[in-house]
Amino acid sequence: MTLRLEAGARPTDDTASLRDRLAAIVGSPSNAVVTALVALIFAAGVRLFLRWAIFDAAWSGGPEACKTHAGACWPFVAANARLMFFGVYPQAVLWRAVASLVLMIAVIAASMIPRFWGWPLALGWVVAPTATCLLLSGAFTATPVSTNDWGGLPLTLLVWMIAFGGAFVIAVPLALARRSQLGGLRTAAIATIELVRAVPMLVALYVSRFIVPMMAPAFDINLFVSVEAALILFVASYLAEILRAGLQSLPPGQTEAARALGLGYARTMQLILLPQALRAVIPALVNLGIGVLLSTPLVAVIGMTDFLSAVREAASHEQDWPGCYNVAYFVAGAVFFSICFVASRYSRWLEKHLRASGPS
């Protein structure tokens, strides 16, 4: 028997993928024209941005230097970084805001590593916001700080972390009640979810801040507490529907197999159904988390100084710092974009990682 070897190496998957991409971009005259136009527009945009951000920008000096440059006023960012990122939090105890920000980022970063998933991490999502609130308020110290002075990026992350983490506590029972065989419980869950989802977030914030205190004048409800209560309930209603969709996507054989093994309802949900449902809805969870983060600036309309409000306050010095308005909002946009881009890429990586690791 004679064996013949074909000349030339067989293309790898990466080579074939690259060839397919190139064919999609310039595989036909129309595709080539569209690609060329997009490339020209992109190049023109990059050129204008580089002129504004680098070549025509002021890099040192004060307000006078910005008046003589047509580009970005970067000295403004250095001079107003504390106001932009930490609001009006007292300078003397600014270390508390910095420590709070580092603590929350550390917990969020740990949450992105699958091997850390477990009860210790869940406890961290309780401890971190609690410790942050104690740090920012100066509890048990001689220099307390009112919640009205909290602001900037620490407040934005704190509002998001409590709203998104606390929503899970309500969303899981709501999702399970939504699928319950008990008619009264199912009806109550459906009514709660649909009622909250039918209200815009801004209206929910107004109700929690103004209507609820009017209905209960005997109670002095803190602004921060009222905002978080409204956001938790609002996010939980959307999260419950996402979890319900994930549970419904599972085949009924999963439940039947659990019953055959003698597992009860609670253990079936905890060990089998909920882990698979959460895996199935990872893109929706990331999308909801990004949406909640980008919606946090709405708290400014009821008196809270979040990150975007602090940036807006810093940008109000346009008469002293020419061009600072564009620079301030560019920094804010860069921060939000960086967070959302990392979350999006992490979502794609996590899906591939969990798919490669096999079923839960």
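Predicted, not measured: the structure shown is a model, and the values here were computed from it.

Peer 1: Would you mind showing me how to read empty space enclosed by the protein here?
Peer 2: Using a probe with the size of a water molecule, rolled over the atoms, empty space left in the structure can be pinpointed. Applying the stated criterion across every chain, the model contains one cavity of 30 Å³ or more. For the largest cavity, the calculated volume is near 50 Å³. In terms of lining residues, the largest cavity is bounded by Thr147, Asn148, Trp150, Leu155, Leu223, Phe224, Gly303, Met304 and Thr305.

Peer 1: What is the right way to read the packing of helix H11 (residues 253-260) against helix H12 (residues 265-280) from this model?
Peer 2: A pair of packed helices can be characterised by two numbers: the angle between their axes and the separation between those axes. At a minimum axis separation of 11 Å, H11 and H12 run at an interaxial angle of 160°. Classified by the angle their axes make, H11 and H12 are roughly antiparallel. Judged by the twist between their axes, the crossing of H11 over H12 is right-handed. Listed contacts from H12 to Gln254, Thr255 and Ala258 of H11 are Thr268, Ile272, Leu273 and Gln276. The residue inventory of the contact of H11 with H12, partitioned by class, reads three nonpolar, four polar and no charged.

Peer 1: Even after reading the chapter, I still don't get the state of the cysteines, so can you show me in this structure?
Peer 2: A covalent bond bridging the sulfur atoms of two cysteines is what the word disulfide describes. For the structure shown, the criterion picks out one disulfide. Cys66 shares a disulfide with Cys73; S-S distance 1.8 Å. In this structure the cystine formed by Cys66 and Cys73 twists about its S-S bond by roughly 65°; its chirality is therefore right-handed. An identical accessibility class is assigned to Cys66 and Cys73; each is buried. The closest cysteine sulfur to the non-disulfide-bonded Cys324 is located on Cys73, 7.0 Å from its own sulfur.

Peer 1: What am I meant to see in the pattern of salt bridges here?
Peer 2: Should the charged atoms of two oppositely charged side chains come close, the side chains can pair. For the structure on display, the rule yields six salt bridges. Across the pair Glu64 and Lys67 runs a salt bridge, and its minimum N-O distance is 3.5 Å. Of this pair, Glu64 and Lys67 both sit in helix H3 (residues 63-67), three residues apart, roughly one helical turn. Among the residues examined, Glu64 registers a relative accessible area of 54% and is labelled exposed. Among the residues examined, Lys67 registers a relative accessible area of 48% and is labelled partly exposed. Salt-bridge contacts for Arg197 lead to Glu241; the nearest nitrogen and oxygen are separated by 3.6 Å. In this pair, Arg197 is assigned in helix H8 (residues 183-197) and Glu241 in helix H10 (residues 223-248), connecting sequence segments 44 residues apart. Residues joined in a network through salt bridges with shared partners are Arg178, Glu194, Arg197, Glu241 and Arg244.

The rules behind the values
- Residues numbered from 1 in each chain as written.
- Predicted model: local features only at pLDDT ≥ 70, side-chain atom pairs only at ≥ 80, totals over all residues.
- Heavy atoms only, no water.
- 1 Å grid on protein atoms, 1.4 Å probe; cavity = no way out; pocket = protein on both sides within 12 Å on 5 of 7 lines; lining within 4 Å.
- Points joined across faces, edges and corners; volume = space filled by probe spheres on them.
- Axes fitted to C-alpha atoms, helices over the stretch in contact; angles between N-to-C directions.
- Helix = DSSP H or I, 4+ residues; strand = E, 2+ residues; numbered from the N terminus.
- Parallel < 35°, antiparallel > 145°, perpendicular 65-115°, else oblique.
- Left-handed = near helix turned anticlockwise from the far one by under 90°.
- Contact = heavy atoms within 4.5 Å.
- Nonpolar A, V, L, I, M, F, W, Y, C, P; charged D, E, K, R; others polar.
- Disulfide = S-S within 2.5 Å.
- Buried < 20%, exposed > 50% of the residue type's maximum accessible area, 1.4 Å probe, protein only.
- Salt bridge = Lys/Arg side-chain N within 4 Å of Asp/Glu carboxyl O.

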